[in-house]
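Secondary and tertiary structure notes
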Amino acid sequence: MAATITVNSTDDSNTRNSVLTLREAILIANGTLNLPTLTAAEQAQINGTVGTGVDRDTIAFNIGAIGSQQLIQPASALPPISDRVIIDGLSQGGAGYKGLPLVELSGNLAGIGIVGLDITAGNSTVRGLALNRFDLAGIRLQNNGNNAIANNHIGTDLAGTIDRGNRRGIWIDGVPDNRIENNLISGNKTLSTGIGIEISSIGARNNQVIRNRIGTDVTGTVAIGNNAGISIRNAPENLIQDNLISGNVGIGSGILINGPTANQNRVVGNLIGTDITGNVALGNSIYGISIGSASNNIIGGTTPQERNIISGSQTAGIFFAIASTVLGEPSGGVPATNRVVGNYIGTNISGTAALGNPIGVVIAVGESNIIGGTTPQERNVISGNQMGVYFLGNQATGNRVIGNYIGTQADGSTPLPNTLYSNVVALNAGVNNRIGGTAAGEGNTIAFSGSSGIQVTGGNGLAILGNSIFSNNGLGIDLDNDADPLTTDGVTPNDLGDGDTGGNGLQNFPVLTSATASNGNITLSGTLNSIPNRTFRVEFFDNTALDPSGNGEGQTYLNFVNVTTDAAGNANFTSPSLTATGAIVTTATNLTTNDTSEFSQPSPGLLQFSNPAYTVNENGTIVGTAITVNRTAGNKGAVGATLTLTDGTAVAADYTKTPIAINFAAGDTTPKIVTIPIADDAIDEADETVNLSLTNPTGNATVGDRYNNAVLTIADDDSTPTPTPTPTPTTTPTPIPTPTPAEIPT
């Protein structure tokens, strides 16, 4: 059995009179107000039998005119709600009302340390109220869980446009299985600890925060910030889904996940730092999400519906640290084994425009966290920021950044640069961090940055493997050792024995010495000088364009070979058979220390014809493709070859037989067009051929085997002479005999 208890007055009294107040309704629902003592007028507001235990009474509102706005201002704390109840503020609008709240519960007169609605019973529902100006919290859930808080304005006025914050909007204090849905939770920033939603202690598990607007006005386009949007403190296994979490200020994160037992929480499908459209920045003042001393949490997911948009923050989209550096928490452990998958960090909702954070992801402290994944569904887009990913300090160890697009739009090819610094920066980072990897799908696309692709300043052990690095404003990989940790210093020359120090130990890069060709593929030879008796992974990359320094970027990963240096630190290597269209460069990674080098210079390259056959008319006009010599696989140094011409069916009178020098300057891969003088005679003859060969390569270049020879056909363009026609003989006609006249009778 249950009753509907109707509040018909904004008074705050508990006296026997003609009206029923909210204070009295709570006492009645709790079973602590003796019903027979009520006046007849008060009893008339109770419909049904007041229940206890599993029965849930409903507290409804019918104050003044139906649909009118009403303000209730308790002068002291309302009674804790100790028996299950539904508090239905929407009832003030009449049957079927679904609009904005009409009943405002304000704590501006209640005093210090007061909660608006303190629910201890569990299994209760609060809907359709505006709760504001309470010193401790608008709503507190404690002792028992399984409550539903829906369709309220918590921290604003009734219209959802004016800041009237509580210290906390909703406080889930150690209880599980609550659902916070479709609320406006904003303006909660009284004192420095103001929080929209706080979920605290290990007992607060399996709570769901779904489809709320946290830090904005009711339209989702104007900031009415909380000091922090959501704070999860030592609480595990909670779900934060499909919320708008933007415009929060002060301590400033959209979401804080703090403490060593704040594990296995999931943050999916949220707009964090944008307006409700996902196309306009409405940033949180410090971080979008911060993870302090918490482990095994998941940010994002593998479907578009689970993707978070994390943009517009004033410091970083995602920040990993020890909890005490985040929100004055007791010092906890290192945040570990968290996963960030499938998000757009620094972009709009479609991944096509910048709504950047200064830094996309910062790992100041963290161990074995994974940013990205090996499948397209796990890929993050980290673009449109000033910097993409930042490893900061020696407490960042064993983290992996894999399979992401960093500096591109969501299509992986259109520029959306991280504009000011390198796409990835490691500053004095700890060991065993990895960008990319050796397994399928682990390589990142790292492109179009305002500086280098990856910059390593101080620290060791950043393995950079299998990535696609191209079109950055600086080097593809820069091992930095200058005074400014965020500016690059260009190519670091190799040193004998590799004893210098700096980012990644200033690991020496390989030196490519020659290229050979077989069946259209390329094999490279080279040397590496580094630490003695160590094994290195030498990776090979193809590039359509190199850095102006002559050292490459690594646009397309091709293959690798492992080599071991001898006692003097030297190793020779030969690549696997490679297929490439541009210049091939390499990196070396010390498999003991995980230090990866900068990209090498390419080899001098291969020279060969673009086609095996060409055609030219006798008058010199080209038919189809011009005779072209290409330089592939490298552009190191000035190289050349001789184009030698020999008779096929053509003879010396048909063309100029002088050998032609083919030259490429250092760094030059522009195809060379060759013109062969042809004798334009007037003789009608069959098409003729000339044999073309590339010989005598210079500058350590190699002539390719696929099109090292070609055939030039000289197409005859003379017309066949027209023969003189034979005259037709004249025929003499045969005479017709004159007939003999007949005799005329006399």
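It should be noted that the structure appears before, not after, this text.
The present account deals with the structure reproduced in this document.

Definitions and cut-offs
- Residues numbered from 1 in each chain as written.
- Predicted model: local features only at pLDDT ≥ 70, side-chain atom pairs only at ≥ 80, totals over all residues.
- Heavy atoms only, no water.
- Helix = DSSP H or I, 4+ residues; strand = E, 2+ residues; numbered from the N terminus.
- Rg over C-alpha atoms; globule rule 2.2 N^0.38 Å.
- Buried < 20%, exposed > 50% of the residue type's maximum accessible area, 1.4 Å probe, protein only.
- Contact = heavy atoms within 4.5 Å.
- Areas by Shrake-Rupley, 256 points an atom, 1.4 Å probe, with all protein chains shown as cover.
- Lys, Arg positive; Asp, Glu negative; His and termini not counted.
- Charge placed at Lys NZ, Arg CZ, Asp CG, Glu CD.
- Pairing = 2+ DSSP bridges.
- Axes fitted to C-alpha atoms, helices over the stretch in contact; angles between N-to-C directions.
- Salt bridge = Lys/Arg side-chain N within 4 Å of Asp/Glu carboxyl O.
- Phe/Tyr/Trp six-rings, centres within 6.5 Å; stacked < 30°, edge-to-face > 60°.
- Lys NZ or Arg CZ within 6 Å of the ring centre and 35° of its normal.

Counting its secondary structure elements, the protein contains three helices and 61 strands. Radius of gyration (C-alpha) of the protein: 40 Å, far over the 27 Å computed for a compact globule of 746 residues. Its C-alpha atoms give the protein principal-axis dimensions of roughly 165 × 130 × 35 Å. Expressed as a percentage of the 746 residues in the protein, the buried residues total 56%. A separation of at least 24 residues holds for 74% of the contacts in the protein among residues at least 6 apart in sequence. Here the protein has roughly 27900 Å² of accessible surface; of this, 53% comes from carbon and sulfur atoms. Each charge class in the protein was averaged separately, 30 positive and 57 negative side chains, and the resulting centres sit 18 Å apart.

The side-chain alternation of strand β9 (residues 129-132) yields two buried faces, one formed by L129 and L131 and the other by A130 and N132. Across four bridges, the pairing between strand β6 (residues 103-106) and β9 is parallel. Counted as the bridge partner of E104 is A130 from β9. With two bridges connecting them, β9 and strand β12 (residues 153-154) associate as parallel partners. Paired with L131 across the two strands is I154, which belongs to β12.

This next bit is on helix α1 (residues 22-30). In terms of burial, α1 is largely enclosed, as nine of its nine residues are buried. Among all positions of α1, only L22, R23, E24, A25, I26, L27, I28, A29 and N30 are buried. Where α1 terminates, the next one or two residues include G31, which has phi positive at roughly 80°.

Time to look at the sheet that holds strand β53 (residues 613-617). Ordered in space as β54-β53-β61-β59-β56-β57, the six strands form an open sheet in which the pairing is mixed. Two strands in the sheet have a free side with no partner beyond their single neighbour: β54 (622-623) and β57 (660-664). Note: strand β56 (residues 639-647) against β57, five bridges, orientation antiparallel. What sits directly across from A641, in β57, is I662.

So, about the pairing of strand β13 (residues 168-173). By the criterion of burial, β13 is predominantly enclosed, with five of the six residues buried. The sheet contact formed by strand β10 (residues 137-142) and β13 spans four bridges and is parallel. Along β13, the bridge assignment pairs I139 with I170. Note that β13 and strand β16 (residues 195-200) share five bridges and pair parallel. Among the inter-strand pairings, R168 is bridged to a residue of β16, identified as I195.

Read from one edge of the open sheet, three strands run β49-β48-β51, paired in antiparallel fashion. The open sheet is flanked by β49 (556-564) and β51 (583-590), the only strands paired with a single partner. In this sheet, adjacent strand axes meet at a mean angle of 25° when their direction is disregarded. Across eight bridges, the pairing between strand β48 (residues 535-543) and β51 is antiparallel. Residue pairing in the sheet places F540 in a bridge with T586 of β51.

The subject of this paragraph is the pattern of salt bridges. The tally for this structure, following the rule as stated, stands at 20 salt bridges. R16 serves as the salt-bridge partner of E24, at 3.1 Å between the closest nitrogen and oxygen. In this structure, the salt-bridge partner of D88 is R127, at a minimum N-O distance of 3.3 Å. Placement of the pair is D88 in strand β5 (residues 85-88) and R127 in strand β8 (residues 125-127), with a sequence separation of 39 residues. Classification of D88 by relative accessible area gives buried; the value is 13%. Overlapping salt bridges bring together R16, E24 and E42 as one network.

Moving on to the environment of N635. Residue placement: N635 occurs in the loop between β55 (627-632) and β56. Separated by 34 residues in the primary sequence, N635 and Q601 have C-alpha atoms spaced 8.3 Å apart. In this structure N635 touches L546, A583, P602, S603, P604, A666, G667, D668 and T669, once residues within four positions along its chain are discounted.

The next point concerns the packing of aromatic side chains. Using the criterion set out here, one finds six aromatic pairs in the structure. Pairing F448 with F470 gives two aromatic rings, centres 5.5 Å apart and planes at 80°, and the pair type is edge-to-face. Taken together, the residues span a long stretch of sequence, with F448 in the loop between β41 (445-447) and β42 (454-459) and F470 in strand β44 (residues 468-470) at a distance of 22 residues. Under the relative-accessibility criterion, F448 is labelled buried at 17%. An aromatic cluster of at least three residues, connected via ring pairs, comprises F541, Y557 and F599. A cation over an aromatic ring shows up here: R168 above the ring of W171, its NZ or CZ 3.9 Å from the ring centre. The aromatic ring of Y344 is capped on one face by R307, whose charged end is 4.1 Å from the ring centroid.

Shape descriptors only; they carry no functional weight alone.
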